Amino acid sequence: ENINVRNSYDVINRLCNVKLCADETLASFDAVSMFASIFISLILETISRKWNKFQPFTPINKDSFTKAVKLRVEKGYCRYNDAFYSQIEGVAMGSPLSAIVTELVLDQLFSDIASKFDVKFCVKYVDDSLFILKKSIIQDVPNFMNNFQS
């Protein structure tokens, strides 16, 4: 099932027939410093896990593809007041590839959450998410998210 939504109307349409039980709660989570929080090792691991979906669309092998992605996301620079800065952690905010690989990693994270926890409803828009979950696991999900890279 596609967890990505286009706008708030899409969320409303998906929620309109969902009933909230007494032991459930609505929870919203937002990724803080999303691009800086996505480590390159996690991107490469996610590509490896999903390689069967990429393979039909590329003539190069997995190793070459992974190296190419790593080379492109590893070096992020920006310019401010005529000085150049290198991004130390995560992926570059201005790179078009950063948005794609970040979305890929977040989709994997949400897939893992759905597999691990009893999630009744889940949607995300970029780095914002909305869940319906059991009240008993309300702290477990953000803890899992915060430790996803470890």
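These numbers come from a predicted model, not from an experiment. (Residues numbered from 1 in each chain as written. Predicted model: local features only at pLDDT ≥ 70, side-chain atom pairs only at ≥ 80, totals over all residues. Heavy atoms only, no water.)

**Q** Could you clarify how one ought to interpret the layout of surface pockets in this entry?
**A** Using a probe with the size of a water molecule, rolled over the atoms, empty space left in the structure can be pinpointed. Of the pockets and cavities examined, the largest pocket occupies roughly 420 Å³. Counting only elements with at least two residues in the lining of the largest pocket, the list comes to β1 (24-30), α2 (34-37), α6 (96-116), β5 (128-134) and α7 (140-146). Among the elements that line the lining of the largest pocket, the one with the most residues is α6, at four residues. Residues of the lining of the largest pocket, tallied by class, amount to 14 nonpolar, four polar and four charged. (1 Å grid on protein atoms, 1.4 Å probe; cavity = no way out; pocket = protein on both sides within 12 Å on 5 of 7 lines; lining within 4 Å. Points joined across faces, edges and corners; volume = space filled by probe spheres on them. Helix = DSSP H or I, 4+ residues; strand = E, 2+ residues; numbered from the N terminus. Nonpolar A, V, L, I, M, F, W, Y, C, P; charged D, E, K, R; others polar.)

**Q** Got a minute to help me understand the confidence of the model for the protein in this structure?
**A** Low pLDDT marks regions whose predicted coordinates should not be analysed in detail. Taken residue by residue, the protein gives an average pLDDT of 88. The fraction at 70 or more is 98%. Confidence scores differ between elements of the protein, with strand β2 (residues 77-80) showing the lowest mean pLDDT of 78 and helix α4 (residues 51-54) the highest of 93. (pLDDT = per-residue confidence, 0-100.)

**Q** I tried to follow the pattern of salt bridges on my own but got confused; where do I start?
**A** Two side chains of opposite charge can pair, provided their charged atoms sit close to one another. Across all of its chains, the model carries nine salt bridges by this definition. The partner of Arg14 in a salt bridge is Asp10, and the shortest N-O contact between them spans 3.4 Å. On the criterion of helical spacing, the pair formed by Arg14 and Asp10 is a turn pair, its members being four residues apart in helix α1 (residues 8-15). Classification of Asp10 by relative accessible area gives buried; the value is 9%. In this structure, the salt-bridge partner of Glu45 is Arg49, at a minimum N-O distance of 4.0 Å. Remark: Arg49 and Glu45 occur in helix α3 (residues 40-49); sequence separation between them is four residues, near one turn of the helix. Residue classification places Glu45 among the partly exposed positions, given a relative accessible area of 42%. The partly exposed category is assigned to Arg49, whose relative accessible area is 43%. In this structure, a network of salt bridges that share partners links the residues Glu45, Arg49 and Asp112. (Salt bridge = Lys/Arg side-chain N within 4 Å of Asp/Glu carboxyl O. Buried < 20%, exposed > 50% of the residue type's maximum accessible area, 1.4 Å probe, protein only.)

**Q** Please explain the packing of aromatic side chains as it appears in this structure.
**A** Any two aromatic rings considered together are summarised by their centre-to-centre distance and by the angle between their planes. Scanning all chains against the criterion turns up six aromatic pairs. Through successive ring pairs, a cluster of aromatic residues spans Phe29, Phe110 and Phe131. Cation over ring: Lys116 sits above Phe117, and NZ or CZ is 5.8 Å from the ring centre. (Phe/Tyr/Trp six-rings, centres within 6.5 Å; stacked < 30°, edge-to-face > 60°. Lys NZ or Arg CZ within 6 Å of the ring centre and 35° of its normal.)

**Q** What is the right way to look at the nonpolar core in this model?
**A** Generally speaking, nonpolar side chains in soluble globular proteins are found buried as a group. Within the largest apolar cluster, 31 residues are counted, with the highest numbers of intra-cluster contacts made by Ile43, Phe131, Val141 and Met145. Not counting residues within four places of it along the chain, the set of residues in contact with Ile43 comprises Ile38, Val69, Val73, Val91, Val101 and Val105. Core analysis: the second largest hydrophobic core is formed by six residues, Val5, Val123, Leu130 and Ile132 among them. (Core = buried A, V, L, I, M, F, W, Y, C linked by side-chain atoms within 4.5 Å. Contact = heavy atoms within 4.5 Å.)

**Q** Would you explain the sheet that holds β1 in this entry?
**A** The three strands are arranged β1-β5-β4 in an open sheet whose pairing can be described as antiparallel. Each end of this open sheet is capped by a strand with a single partner; those strands are β1 and β4 (119-125). Strand-to-strand twist in this sheet, taken as the mean axis angle between neighbours without regard to direction, amounts to 15°. Here six bridges tie β4 to β5, and the two strands are oriented antiparallel to one another. Following the sheet pairing, Cys122 is matched in β5 by Phe131. The strands that α1 touches are β4 and β5; relative to β4, the one it contacts most, it runs at about 170°. Along the sheet, α6 makes contact with β4 and β5, crossing β4 at roughly 170°. (Pairing = 2+ DSSP bridges. Axes fitted to C-alpha atoms, helices over the stretch in contact; angles between N-to-C directions.)

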